[in-house]
Amino acid sequence: FGTVHVLPPALDWKSEAVEAAFAKAELIVFEPPPDAAAQAEVARVVAETGRAAPDAPLSRRLAPEDAARLQRVTRALNVDAQALDTMRPWLAALQLSLRYVARQGHDANSGVERVLEADAAARGLPRRYLETPESQIRLLANLPPADEERFLAATLRQIEEDADTVDEMDDAWARGDVERLGSLLTEDIREGGPEVYAALLTRRNAAWTDEIDTMMRGKGRIFVAVGAAHLVGPDGVPAMLRARGYVVEGP
């Protein structure tokens, strides 16, 4: 099931098909745990890896055009520019993205994983996780300097110029328009450059395909819920499973 990590609280996404598949599951699989302990681990790793060197504040690492865009975006989102200047580009990009979607009316507590995790706990279903919170943060923290700067530049442009894209993605996801959703998601991620695309998508998809392949050789009915970007296009998990000989219905 392709998920969205932050959603408007009023969006009703639980279809009969999703509920039926979830009800039959004997194991629920997510990316990292979405609980409070995981969030504490994220905060620890961010504190260790996300700060800029004292002699290399964020504002000095950007091209003039991107630095000017950063000022405009921080003003528009009411973000503390001085606090942001102490961050590495990847963390600044993440913080600005989260602030932007919050301003658009989205909430992490309404994200699919948070809802399904609570449902699984209430039903006493066992859970398994494909990643740890630390490994997920280090996907960005380990980017080479030029790639994290490009990642921030792409994020700034998208926030400033693609104001309707978040709502368009939500709409495509809610309608099950896989082709349109895949186009929007991969365009945004590819703008960050090939290393960002590989770090966030293709390498993870390959690792998850290995794990799903192993699980499929066992027993039981498994419900896997990961970000929708991982399930679309020629680099998605369904495509990788098909390449291994699996019959995959859907995207």
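Look up: the structure comes first, before these words.
Before going into details, it helps to say that this report is about the structure given with it. Please read these numbers as outputs of a predicted model, since none were measured by experiment.

Calculation rules
Residue numbers restart at each chain and count upward from 1, following the sequence in its written direction. For this predicted model, a pLDDT threshold of at least 70 governs which residues receive local features, and a threshold of 80 or more governs which side-chain atom pairs are given and counted, while totals over whole chains, interfaces and linings are taken from all residues. With hydrogens and water stripped out, all remaining heavy atoms of the structure feed into the side-chain values. Buried means the residue's accessible area, taken with a 1.4 Å probe over protein chains only, is under 20% of the maximum for its type, while exposed means over 50%, and partly exposed covers the values in between. Only DSSP runs of H or I with at least four residues qualify as helices, and only runs of E with at least two residues qualify as strands; both kinds are numbered from the N terminus onward. A pair of strands counts as paired when DSSP detects no fewer than two bridges linking them. For helices, the fitted axis covers only the stretch in contact; all axes are lines through C-alpha atoms, and the angles between them, taken along N-to-C directions, range from 0 to 180 degrees.

Moving on to the pairing of strand E2 (residues 27-30). Neither face of E2 is open: one carries Leu 27 and Val 29, the other Ile 28 and Phe 30, and all of them are buried. Inspection of the sheet shows E2 paired to strand E4 (residues 222-224) by three bridges, in the parallel sense. Across the sheet, Val 29 pairs through a bridge with Val 224, a residue of E4.

What follows is about the sheet that holds E4. Spatially, three strands are ordered E3-E2-E4 in an open sheet, and the strand pairing comes out parallel. If you trace the sheet from one side to the other, it starts and ends with strand E3 (127-129) and E4, each paired once. The sheet shows a mean angle of 25° between the axes of neighbouring strands, direction not considered. Examined bridge by bridge, E2 and E3 share three bridges and lie parallel to one another. From the neighbouring strand, Val 29 faces E3, where its bridge partner is Arg 128.

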